[in-house]
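# Structure assessment
What follows is each chain in one-letter form.
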Amino acid sequence: MYNASDLRKNLKIQIDGDPYVIVEFTFSKPGKGQSLYRCKLKNMINGNQFERTFRSVETFEPANLQEKKMQYLYEEDSQYCFMDTETYEQVYLTDEQVGDAKNYMSDNLDVEILFFGEKPLGITLPNFVDLKVTKAEPWAKGDSVTGRTKPIEVETAYVLQAPPFVEEGEKIRIDTRTGEYLTRVKE
Amino acid sequence: MDESWKIAQKRNALHTRAAMVQAIRGFFIDRDYLEVETPCRVPGPAPERNIDAIPSDGWFLHTSPELCMKRLLAAGYPRIFQITRCFRGGERGSLHIPEFTLLEWYTSGIDYRQMMKECEELIVHVALSLGHEGAIQYRGKKIDIRTPWERISVENAFRRYSPTSLRRALESNLFDEIMAVEIESRIVETERPVFLYDYPVVMGALARAKKTDPEVAERFELYMGGLELANAFSELTDAEEQRVRFEEEQIDRRKSGKVTYPMPEKFLSELTNMPESSGIALGVDRLAMLFTDSALIDNVVAFTPEEL
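A brief look at the structure comes next. Quick caveat, the model's predicted, so the values are computed rather than measured.

Cut-off values and rules
Residues numbered from 1 in each chain as written. Chains lettered and ligands numbered in written order. Predicted model: local features only at pLDDT ≥ 70, side-chain atom pairs only at ≥ 80, totals over all residues. Heavy atoms only, no water. Helix = DSSP H or I, 4+ residues; strand = E, 2+ residues; numbered from the N terminus. Buried < 20%, exposed > 50% of the residue type's maximum accessible area, 1.4 Å probe, protein only. Contact = heavy atoms within 4.5 Å. Areas by Shrake-Rupley, 256 points an atom, 1.4 Å probe, with all protein chains shown as cover. Lys, Arg positive; Asp, Glu negative; His and termini not counted. Charge placed at Lys NZ, Arg CZ, Asp CG, Glu CD. Core = buried A, V, L, I, M, F, W, Y, C linked by side-chain atoms within 4.5 Å. Pairing = 2+ DSSP bridges. Axes fitted to C-alpha atoms, helices over the stretch in contact; angles between N-to-C directions. Parallel < 35°, antiparallel > 145°, perpendicular 65-115°, else oblique. Left-handed = near helix turned anticlockwise from the far one by under 90°. Nonpolar A, V, L, I, M, F, W, Y, C, P; charged D, E, K, R; others polar.

## Here's the deal with the overall build of chain B
Counting secondary structure elements, chain B contains 10 helices and 14 strands. Taken over the C-alpha atoms alone, chain B extends approximately 50 × 45 × 40 Å along its principal axes. Among the 308 residues that make up chain B, the fraction classed as buried is 54%. Looking at chain B alone, contacts between residues at least 24 apart form 69% of all its contacts between residues at least 6 apart. Accessible surface, chain B: about 14000 Å² in total, of which carbon and sulfur atoms supply 51%. When the 39 positive and 50 negative side-chain charges of chain B are each reduced to one mean point, those points stand 2 Å apart.

## Observations concerning the nonpolar core
In terms of nonpolar packing, the biggest core is built from 50 residues, with B:Leu103, B:Trp105 and B:Ile123 touching the most fellow members. The residues touching B:Leu103, leaving out its near neighbours within four places in the chain, are B:Ile24, B:Phe28, B:Phe81, B:Gln82, B:Ile83, B:Leu122, B:Ile280, B:Ala281, B:Leu282 and B:Val284. Core analysis: the next-biggest nonpolar cluster, separate from the first, contains 29 residues, A:Tyr80, A:Phe82, A:Tyr104 and A:Ile152 among them.

## Here's the deal with the sheet that holds strand S15 (residues 171-175) of chain A
All names here are of chain A. Pairing in this open sheet of five strands is antiparallel, and the strands run S14-S13-S12-S15-S16 from one edge to the other. With one partner strand each, in any of the chains shown, strand S14 (159-162) and strand S16 (180-185) form the two edges of the open sheet. Averaged over all pairs of adjacent strands, the angle between their axes in this sheet comes to 50 degrees, without regard to strand direction. With five bridges connecting them, S15 and S16 associate as antiparallel partners. Considered in S16, the bridge of Ile172 is made with Arg184.

## Observations concerning the packing of helix H2 (residues 11-30) of chain B against helix H10 (residues 284-291) of chain B
All names here are of chain B. Relative to each other, H2 and H10 sit at 120 degrees, their axes nearing to 10 Å. One way to sum up the angle between H2 and H10 is to call them oblique. The interaxial crossing formed by H2 with H10 has right-handed handedness. Contact residues: Thr16, Arg17, Met20, Val21 and Ile24 in H2; Val284, Asp285, Leu287, Ala288 and Phe291 in H10. Across the contact of H2 with H10, the residue classes tally to seven nonpolar, one polar and two charged.

If you want it as structure tokens, here you go:
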């Protein structure tokens, strides 16, 4: 159980049976008045947002969320399939629920799937993923290495900037939090 | 290293804050005010329904120096000021920090209307000494500080900024929500400082009621750039009425399951001797936010609790 004084940005609470995340939070206390906790809440199932002001006497249920380790299998018709490697149970996320994470998902990648009860809601990626470069302009030896970058494409069709010496067929490491190139990796 | 870097980032703000405090002292010393220091640790704060004191070894840290300063007034110190740390439990946000700095000053022989004028003069003096003449820039907006500033009664503010009248707001117990969500957010749009005045008497436990209307307290709040900067009263000097008001506050605290505080008997017995006065509490951290163009109180204190 949370008290109003526990409310803060990114806290996940349950209202009328649905999980909500606090996307904006303001503490206010008009002169000699009560403490007020102003929240913008986003429904984690349908994405609807609304604003509500709570008083300090109110209490909140934590949203009943669990993360489960699963493996990414494949995408079909904008449905993304994940499998629990122990129980072989499979779940699907929509294009919208996966969001930008699809840029970094190669087959058999281990990820965390966020569940509200039985319902899968979203995905948490590892901070770093290794992906194969599928398109890159060849490197003209003698080009200066410092400072310059070129666009490359990886196996998920994601395009990013990389140093000029990165070549097609190589594997590179990407930071999924920023989407940026980190280093080349040996197979 | 990261913490150290964050604290170093506050350098300009802390310099401005220090200069501001010096200017405040200069203003009061020039006007023959006596600077006083009263204890931070007290047997109990003034009982108020929405202000929670932090316990300290059987006593409490003061939530404002109000009671001690009024005892000084009663003892024959007619013009006094104090800059002191105050403590309020559970208050943390972009404009709140549990340990903060208050400037309080009291003058006998004046009422809250005259206090508005002195408050204007103080802030104009501080602005000028920091190099701001006629206007201050705050969060991308110009605040015109040429006096006199705007004065709006609370009743008119409800009429002007909210579809709900003051009476309806009080009846439906929504005063605070409407004040915070509708009125304060609209006052930000005013490009001048605003005095909101004449509050419902339940929102000024230590303020004198108007002679013409016992339901209204002679209290004002100063807003600048959306910041609530100061709160002032024509002080209540009737000890019997003050006792009744405190008892009402205690009842409200008990009902909402809060700690109650000991009745401040020494204060009540000396209040009879206190001359007609007006007093004001001004948030020094908030004023520093204004003069350093800071959106967060964190930027104007060397250390927030989280940085300790």
